[in-house]
Amino acid sequence: MNHLLKLSDLTTEEITELLNLADQLKYEKKNGIEHHLLKGKTLGMIFQKSSTRTRVSFEAGMYQLGGNALFLSSRDLQIGRGEPVQDTARVLSRYLDGIMIRTFEQAEVEALAEYGSIPVINGLTDYCHPCQVLADLMTIREYKHSFKGLKLCYIGDGNNMANSLIVGGIKMGMSVAIACPESYKPDAEIMKWASENGDFLCTTDILQAAKDADAVYTDVWASMGQEQEFEARCAVFKGYQINDSVMASAKPDAIVLHCLPAHREEEITTKVFEAHANEIFDEAENRLHAQKAVMVKLMSDKKS
Ligand code: CP
Ligand code: NVA
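Structural notes, computed from the coordinates. (Residues numbered from 1 in each chain as written. Chains lettered and ligands numbered in written order. Predicted model: local features only at pLDDT ≥ 70, side-chain atom pairs only at ≥ 80, totals over all residues. Heavy atoms only, no water.)

Structural notes on the overall build of the protein
A tally of regular secondary structure across the protein gives twelve helices and nine strands. Against the compact-globule benchmark of 19 Å for 304 residues, the protein has a radius of gyration of 19 Å, which places it among compact chains. Across the 304 residues that make up the protein, the buried fraction comes to 58%. Expressed as a percentage of contacts within the protein between residues at least 6 apart in sequence, the contacts between residues at least 24 apart total 75%. Positive and negative side-chain charges in the protein, numbering 32 and 43 respectively, have mean positions lying 4 Å apart. (Helix = DSSP H or I, 4+ residues; strand = E, 2+ residues; numbered from the N terminus. Rg over C-alpha atoms; globule rule 2.2 N^0.38 Å. Buried < 20%, exposed > 50% of the residue type's maximum accessible area, 1.4 Å probe, protein only. Contact = heavy atoms within 4.5 Å. Lys, Arg positive; Asp, Glu negative; His and termini not counted. Charge placed at Lys NZ, Arg CZ, Asp CG, Glu CD.)

And the structure:
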């Protein structure tokens, strides 16, 4: 594993190894055991979109590992004025030990990896959000102890989160059910792959998707970059909400996950959100431990 560009590039064994390392780093952090595995290393973090969790978990994580993180807003970089990503990749590779990038096009992340000579980590594109799903899988395993026989349900937009959850869920052997409006389905190739490689359902029926689910997930109706579509999307997505009826269809001990930020009374009711706040904020915390595992795996000299 040289980069983290999308989850489909990783084997089930590689994902398991990252989750095990994340669990270990979490345990050690809670017990005051420090690891300066990235001493003297610098991570550049390019952001073309806003972020709270991704920025802070990578920056704090890098600090905890003995390294340094640079916040590089595209507003200030020459990339924001049109310098090609191919050149940016070759320049940054001369200064840094790794790059994390949050942007629109998946192709930009792939180009950064192709032209650079250091590990590239995808911190979210319109296509996928692999770092988030590593934290999600970590949280599911924490609460349910294993993935065996579990059903993961996602309700909402067939967006970057849906794409990565399908891949991560199927790779870890869960059954995955997505409920979304007909014109907002996840990526067609990902759905085809999921149907051929596991137990996968895509439906417009939220109660069917949620039936007997062990984990119920949602995300915003309008993602970053789609703000101008917000009102039209609210009309289409009305009803694609985690609420009491959805939770009654899921297993009684189902957990609720949300990548955050959440829009209460849109994709999730305040009542369900607050009843499951422990899980949701454990999931947010796990971004830190999962990100540290990814950086150690990709950037440490001692990587296996
Ligand atoms: N979930 C997530 O990626 O959050 P941020 O947009 O705050 O980074
Ligand atoms: N789908 C959301 C995820 C945010 C973490 C977005 O892209 O804005």
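Considering the site of ligand 2
Around ligand 2, the neighbouring residues are L124, H129, N159, N160, D219, S223, M224 and L260. In the environment of ligand 2, a nitrogen atom lies 2.6 Å from a nitrogen or oxygen atom belonging to the side chain of D219. The contact in question runs from an oxygen atom of ligand 2 to an N or O atom on the backbone of M224, over 2.8 Å. Burial of ligand 2 by the surrounding chains reaches 95%, relative to a free accessible area of 270 Å². With respect to the detected pockets, ligand 2 is housed in the largest pocket. Residue composition of the shell around ligand 2, grouped by class: three nonpolar, four polar and one charged. (Near = heavy atom within 4 Å. Polar contact = N/O pair within 3.5 Å; in protein donor to acceptor, adjacent residues only side chain to side chain. Areas by Shrake-Rupley, 256 points an atom, 1.4 Å probe, with all protein chains shown as cover. 1 Å grid on protein atoms, 1.4 Å probe; cavity = no way out; pocket = protein on both sides within 12 Å on 5 of 7 lines; lining within 4 Å. Sits in = over half its atoms within 2 Å of the grid points. Nonpolar A, V, L, I, M, F, W, Y, C, P; charged D, E, K, R; others polar.)

Observations concerning the side chain of R287
In this structure, R287 sits in helix α12 (residues 277–299). No salt bridge is formed by the buried R287; its nearest oppositely charged neighbour, D136, is found at 7.0 Å. One polar contact links R287 to T54, side chain to side chain, over a distance of 2.8 Å. Every residue in contact with R287, bar those within four places of it in the chain, is listed here: R53, T54, S57, H129, C131, Q132 and A135. (Salt bridge = Lys/Arg side-chain N within 4 Å of Asp/Glu carboxyl O.)

Focus on the nonpolar core
The biggest cluster of nonpolar side chains holds 57 residues, and the ones touching the most others in it are I121, L134, I140, I166 and M295. With near-sequence residues (within four places) excluded, I121 lies in contact with L4, F58, I99, M100, I101, C131, V294, M295 and L298. Core analysis: the next-biggest nonpolar cluster, separate from the first, contains 25 residues, I206, A210, I242 and F273 among them. (Core = buried A, V, L, I, M, F, W, Y, C linked by side-chain atoms within 4.5 Å.)

Focus on the sheet that holds strand β1 (residues 42–47)
Reading across from one edge, β2-β1-β3-β4 is the order of the four strands in this open sheet, with parallel pairing throughout. Strand pairing shows two members of the sheet lacking a second neighbour, β2 (68–73) and β4 (120–122), which therefore form its edges. The sheet shows a mean angle of 20° between the axes of neighbouring strands, direction not considered. Sheet topology note: the β1/β2 ladder contains six bridges and is parallel. Note that in β2 the partner of M45 across the bridge is F71. Sheet strands touched by helix α4 (residues 106–115): β1, β3 (98–102) and β4. Its angle to β4, the strand with the most contacts, is close to 165°. (Pairing = 2+ DSSP bridges. Axes fitted to C-alpha atoms, helices over the stretch in contact; angles between N-to-C directions.)

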